[in-house]
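Listed below are the residues making up each chain.
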Amino acid sequence: MIYLRGEFDLCTGCGACQLACSNRAAGGYSPRLARLKVFSENENLVNRPLVCTQCENPFCMNSCPFDAISKSDLTGVVLVDKETCTGCGNCVTACPDNMIQLDSGGKADKCDMCEGEPLCVKYCVPQALKLVEKREAGEVASK
Amino acid sequence: MSAYMGKLLYVDLNKGTATEMPLDPQLAENFVGGKGFGAKILYDLLPAGCDPLSPQNILMFMPGPITGTLAPANRGCVVTKSPLTNTFADSYFGGHFAQEIRFCGYDGIVITGAAAEPSYLWIDEGKVEVRSAEGAWGLDTFAAVEKIREELGDISVKTACIGPAGEKMVSFALINCEYNRHAGRAGTGAVMGSKNLKAVVLRGSKPVIPADAEAFSAAVDQAYKELAEDETIASFTTDGTPASIDFANDEQLLPTNNYTDGAFEGAGGLNAEAQRKHFWLRNVACAGCPIACGKVGIIKRGRRKGLVTDVVEYETAAMVGSNLGIKDIREVSYLVKKCDALGLDGMSAGGVIGFAIEAFQNGLITAEQTGGLELKFGDTATAEYLLDAIAAREGLGDLLAGGVKQAAARLGGGADQYAVHVKGLESPAWGPRSVPGMGLALATADRGGCHQRAFPILYEVGGEWNGVEVDRAALKGKGEIVAHLQNYLAALDTLVKCDFAAYGIRDATYCRLLETATGGSWDVEKLMALGERIWNQVRLFNLREGFTRADDTLPKRFTEQPLPEGPFAGQMITLQDLDRMLDEYYAVRGWDEEGKPTEEKLKQLGLDQMPKLV
C-alpha cells in the first residue's frame, strides 16, 4: 500500500511538484492542472502541500454511480477507468480536498501515483513530499 | 509546438482596452524574451525624451520562454523608462507572478496610458478587465494583496502591486510580487503609480508546452544535477545571500556609514548566523526553484518579537544595516519590512538615508527640516522617520523622494560628495574602491549603479580569467571581463534566469533548455551574440535619451575619497583610472571613443536593418 504525504515545515512552496505532475497529467506545465496543490499562508511562513492520500474509504469511489473508480488491492491506489467514466462529476463534488477533477476531455482525473514512482516526489528537492509505504496495519515506513 | 505562448497582451489604460497581438517571429528569434523583448519594444515604441511618469511611458512585465516550466529558477522582469535615472530600466522579480503570465497565455504584458481613477488590472484566463482599486488604494503592499484576494475570492491569484510610495511616485518605489519578491530597482513602482495602477492580478491555467518535451525534460534533469553538485548553490540553500556579509566585510567591500568605510564592526550582527539565531524557521523558494534562498521566520525575542520576516538578503542587510551603521539584524529586518510595505526599494532607501544623515552631519540638512530629530548613523528611529516621510512625500521626504542625485542637486553646497549613485541609481552594496573592475561594471551598467549586469568581483578576488589569475588592483583587462559578463548575463536575462542559479547551471545547459523549449538551435556562441545584441540595443536607447561617455562614471566617494583603513587603505578609482578602463571597454565592445556603437558593430549584430515594431 503506497500513498503520498506532504510536510508543511519542509515545503518551500516552489511548486516543482505541480509542474512535473501537470506535464505528465496534462501534457504541459501548468500548476492549476496538476493533481496536487500547494497552499501558502502567512507570508509564505507555511506552505501546505495537499495531496491525494489514496483514502481507505474513498469518497470519490463510493460516490461514483458507474463503478468507474476502484482501489487497487495490491497498492491501495485509487484509480479512474476513463473508459467507464461518464464525466458526471459526482466524485468531484464528493472529495472534500478537491483532489479529483474533470480533465480537458471531461473525464474524472486524479493522482495515480505515477505507477509507483511519483514525479512530484522526484522533483521535491526539499523532500517535503514523501512516498509512504504501509506494509501492514499499524506499520508505516517512509521511503 | 513551442514553449512560446504566441501572444503579447497590450493594455491601453487611457481607453481601458486590451489587445492580444501575435508574437512577432523576428522578435522571438532575435530577442528571445525578457530583457530582449523589453529592449526592442521600448526602443521602437517609446518616443525619445518621454517623461517617465507620463501616460506615454511603457510598463512591461516580461517572462521568458522557459519561465513557467520545470527548468529550475526562472523569473520575469519589468521593463520601462526609469523615473530615477531616465535610462532604460529592467528590474527582475522572483515569486510566482512571471509564471502566471505564461499560464494566462502570454509571452509578456505591455501597458501604456494611465487610468482615470485608481485601478487594477484583472487578467483571468484570457479575460482582461480594468477594475476600480478604490478599496486598495492607500493600502500597504501586504494589505493590498489581502484586499484584492478577498475581493476576488481566491487566495491563489498572483499579484504585482505598489504601496503608498508608488502611488506618490517616489522615484525609487518598487513593484511587490508577493512576498519579499520585488521588481525593486529604478523606480518601476513610480511608473505604475503614474498610471493609477495599483496592481496587476493574474489567474491562468494554460499549459506551457516545450517543442521537444522529452529532450527538454532531459535538459531540466541536467540543470537540476548541476545545481545539486555546486558548492555556491549549496551555500545559497543553507545560508541564503547573507553569507556574503562576511565575505564583503573581510574584503572591505561592505558599504558602511554611507560608504565612508568598507568594513563594519557590527557585521557579525547582520550575517547568516545572526539571522538564523534570531528568526529563521524554514526555507522558501520562488516558483520552480530547488535552491530556496529565502528563509522565512518569526523574530523570537526583543522589541520586534513576533514579526514575520523573510531573509534579509545581502543587499538590503548591507544598505539598511551596515550602510546606516545598524548592527542588530532584528532592527534591519523591521526596517526592510517597512520598505516592502511602503513599496520602497530597500537598496536605494539605504543609500538615500545614508546620504541624508551625512548631509545633516555637515549642516546641509537642518533640525528644522526634521522636526527636531537628529539624523544619525546606528539609529533605527532616523531610518524609520525618513522612510515614512519619503513614502508620504512630506517635508524633507519630498526632497529625498527623487533619490540622492536629485536631492544633492537641490541641496547644493557640495552635497554631491555624499550622493553615492551612478546615473541616479543608488549604488548597490559592493563598494568598488579596491576592485576597479567592479567600478567599471557600475559605471557602465545600463540602468545605472548596478551589480547584476556584471559582477567581476568574483574574478578580482582570487579568481581566474581564461586560465590566468586576475590581478585585483589592475586596470588592464577589466574591460574585457566586464563586457563579456554583461553580454552573457543579458543573454540569460531573456530566459529570464535567476542570478544565483546561473552560478550553477552551465552555459551549454541553458542553450539546451532554450533550444528544446523553442525548437530553435542554440550554442554558446549564438547565446553570446544574443547578449551583445541586446546590450547594444539598450545602449542605443540610452544614447538616444542623451547619455554620453561622461555619464559612464562613478560618484566622488569612489573616485576622490580613498578607503580609510584596513588592508586596502588608500585605494580608490580615480577618474583617470576609470578613463583607462573605459577606453579598453569601449574598444572591446566595438564602440567609438564616445561610447557609441560603430556602424560595423551594429551591422555585425544585425541591428542596422532590424525591422521596427509597430
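By convention here, each chain's residues receive numbers from 1 onward along its written sequence. Chain letters and ligand numbers both follow the written order, the letters beginning at A and the numbers at 1. The predicted origin of the model limits local features to residues at a pLDDT of at least 70 and limits the giving and counting of side-chain atom pairs to 80 or more, whereas totals for whole chains, interfaces and linings rest on all residues. Working from all heavy atoms in the structure, the side-chain values ignore hydrogens and water.

Asks: Which residues make up the overall build of chain A, and what values do they have?
Replies: Numbering goes from the N terminus for both helices and strands, where a helix is a DSSP run of H or I of at least four residues and a strand is a run of E of at least two. Looking only at helices and strands, one finds four helices and nine strands in chain A. Its helices and strands in sequence order give chain A the pattern β-α-β-β-α-β-β-α-β-β-α-β-β, from N to C terminus. Referenced to the eigenvectors of the C-alpha coordinate spread, the extents of chain A come out at roughly 40 × 35 × 25 Å. Think of it in three bands: with a 1.4 Å probe and only protein chains considered, a residue is buried below 20% of the maximum accessible area for its type, exposed above 50%, and partly exposed in between. A burial count over chain A gives 45% of its 143 residues as buried. For chain A, the share of sequence-separated contacts (at least 6 apart) that also reach a separation of at least 24 residues comes to 52%. Two residue types count as positive, namely Lys and Arg, and two as negative, namely Asp and Glu; His and chain ends fall outside the count. Think of each charge as sitting on NZ of Lys, CZ of Arg, CG of Asp or CD of Glu. Charge separation in chain A, taken as the distance between the mean sites of 15 positive and 18 negative side-chain charges, equals 3 Å. Any two residues having at least one pair of non-hydrogen atoms within 4.5 Å are treated as being in contact.

Asks: Account for the interface of chain A and chain B, naming residues and giving values.
Replies: Across the contact, 28 residues belong to chain A and 42 residues belong to chain B. The term buried area refers to how much accessible surface (probe radius 1.4 Å) is lost by two components on association, counted for both of them together. In this assembly, chain A packs against chain B so that about 2,500 Å² is buried in total across both faces, 58% of it on carbon and sulfur atoms. By definition here, a salt bridge exists when the distance from a side-chain nitrogen of Lys or Arg to a carboxyl oxygen of Asp or Glu is within 4 Å. Between K122 of chain A and D221 of chain B there is a salt bridge whose closest N-O contact spans 3.3 Å. The biggest single contributor to the side of chain A that touches chain B is helix α1 (residues 16-26) of chain A, with four residues. The residue classification treats Ala, Val, Leu, Ile, Met, Phe, Trp, Tyr, Cys and Pro as nonpolar and Asp, Glu, Lys and Arg as charged. All others, Gly included, are polar. For the side of chain A that touches chain B, the class distribution of residues is 15 nonpolar, nine polar and four charged.

Asks: Hey, could you go over the sheet that holds strand β15 (residues 308-309) of chain B for me, with residue numbers and the actual values?
Replies: All names here are of chain B. Only strands joined by at least two bridges in the DSSP assignment are considered to pair. If you walk across this open sheet you meet the three strands as β13-β14-β15, and the pairing is antiparallel. Edge positions in the sheet fall to β13 (280-284) and β15, since each has one partner strand and no second. Where β13 meets strand β14 (residues 294-298), four bridges bridge the pair, whose relative direction is antiparallel. Across the sheet, residue W280 finds its bridge partner in β14, namely G297. In this description, a line fitted to the C-alpha atoms serves as the axis of each element, helices being fitted only across the stretch in contact, and the angle between N-to-C directions of two axes falls anywhere from 0 to 180 degrees. Where helix α8 (residues 231-239) meets the sheet, it contacts β13 and β14, and its direction lies at approximately 15 degrees from that of β14.

Asks: Explain the domain arrangement of chain B to me, using residue names and the numbers behind them.
Replies: Residue and element names in this part refer to chain B. Entries for chain B in the domain assignment read domain 1 (7-203), domain 2 (215-425) and domain 3 (432-604). For every domain, the bounds stem from an assignment made automatically or drawn from a database. Each of domain 1 and domain 2 has a C-alpha centre, and these two points are 24 Å apart. Counting residues at the interface gives 36 residues for domain 1, matched by 37 residues for domain 2. Of the roughly 2,800 Å² buried at the junction of domain 1 and domain 2 (both faces included), carbon and sulfur atoms supply 63%. Applying the counting criterion to the domain 1 and domain 2 interface returns two salt bridges. Here R181 ties to D310 by a salt bridge, and the two come within 3.2 Å at their closest N and O atoms. In protein, a polar contact means a hydrogen-donor-capable atom and an acceptor-capable atom, both N or O and within 3.5 Å, with residues adjacent in sequence counting only if both atoms are side-chain atoms; elsewhere, any N or O pair within 3.5 Å suffices. Where domain 1 packs against domain 2, one counts 14 residue pairs in polar contact (both at pLDDT 80 or more). At the level of elements, α4 (141-152) and α5 (164-167) are the ones that each hand at least two residues to the side of domain 1 that touches domain 2. Ranked by residue count, the leading element in the side of domain 1 that touches domain 2 is α5, at three residues. Of the residues belonging to the side of domain 1 that touches domain 2, the class tally is 16 nonpolar, 16 polar and four charged.

Asks: Outline helix α11 (residues 314-321) of chain B, supporting the account with residue identities and numerical values.
Replies: For an α-helix, 3.6 residues make a turn, and residues three or four places apart therefore share a direction. Buried residues dominate α11 of chain B, accounting for eight of its eight residues. Contacts from the buried residues of α11 of chain B go to α9 (243-250), α10 (272-278), α12 (329-342) and α13 (346-361) of chain B.

Asks: Explain the pattern of salt bridges to me, and be specific about the residues and the numbers.
Replies: Note on pairing: side chains with opposite charge can pair once their charged atoms come close. Per the stated rule, a full pass over the model turns up 52 salt bridges over all chains. Residue E460 of chain B is joined to K478 of chain B by a salt bridge in which the shortest nitrogen-to-oxygen separation is 2.7 Å. On the criterion of sequence distance, the pair formed by E460 of chain B in helix α18 (residues 457-460) and K478 of chain B in helix α19 (residues 478-492) is long-range, its members being 18 residues apart. Residue E460 of chain B is classed as buried on the basis of its relative accessible area, which comes to 2%. One salt-bridge network, held together by shared partners, links R24, R35, K82, D103, D109 and D112 of chain A.

Asks: Account for the sheet that holds strand β1 (residues 7-12) of chain B, naming residues and giving values.
Replies: All names here are of chain B. If you trace the six strands from one edge of the open sheet to the other, you get β2-β1-β6-β3-β4-β5, paired in mixed fashion. The open sheet has two free edges, formed respectively by β2 (17-22) and β5 (88-93), since each of these has just one partner strand. Neighbour to neighbour, the strand axes of the sheet diverge by 20 degrees on average, direction disregarded. Note that strand β4 (residues 76-81) and β5 share six bridges and pair antiparallel. Note that in β5 the partner of V79 across the bridge is D90. Sheet strands touched by helix α2 (residues 34-45): β1, β3 (59-62), β4, β5 and β6 (109-112). Its angle to β3, the strand with the most contacts, is close to 160 degrees.

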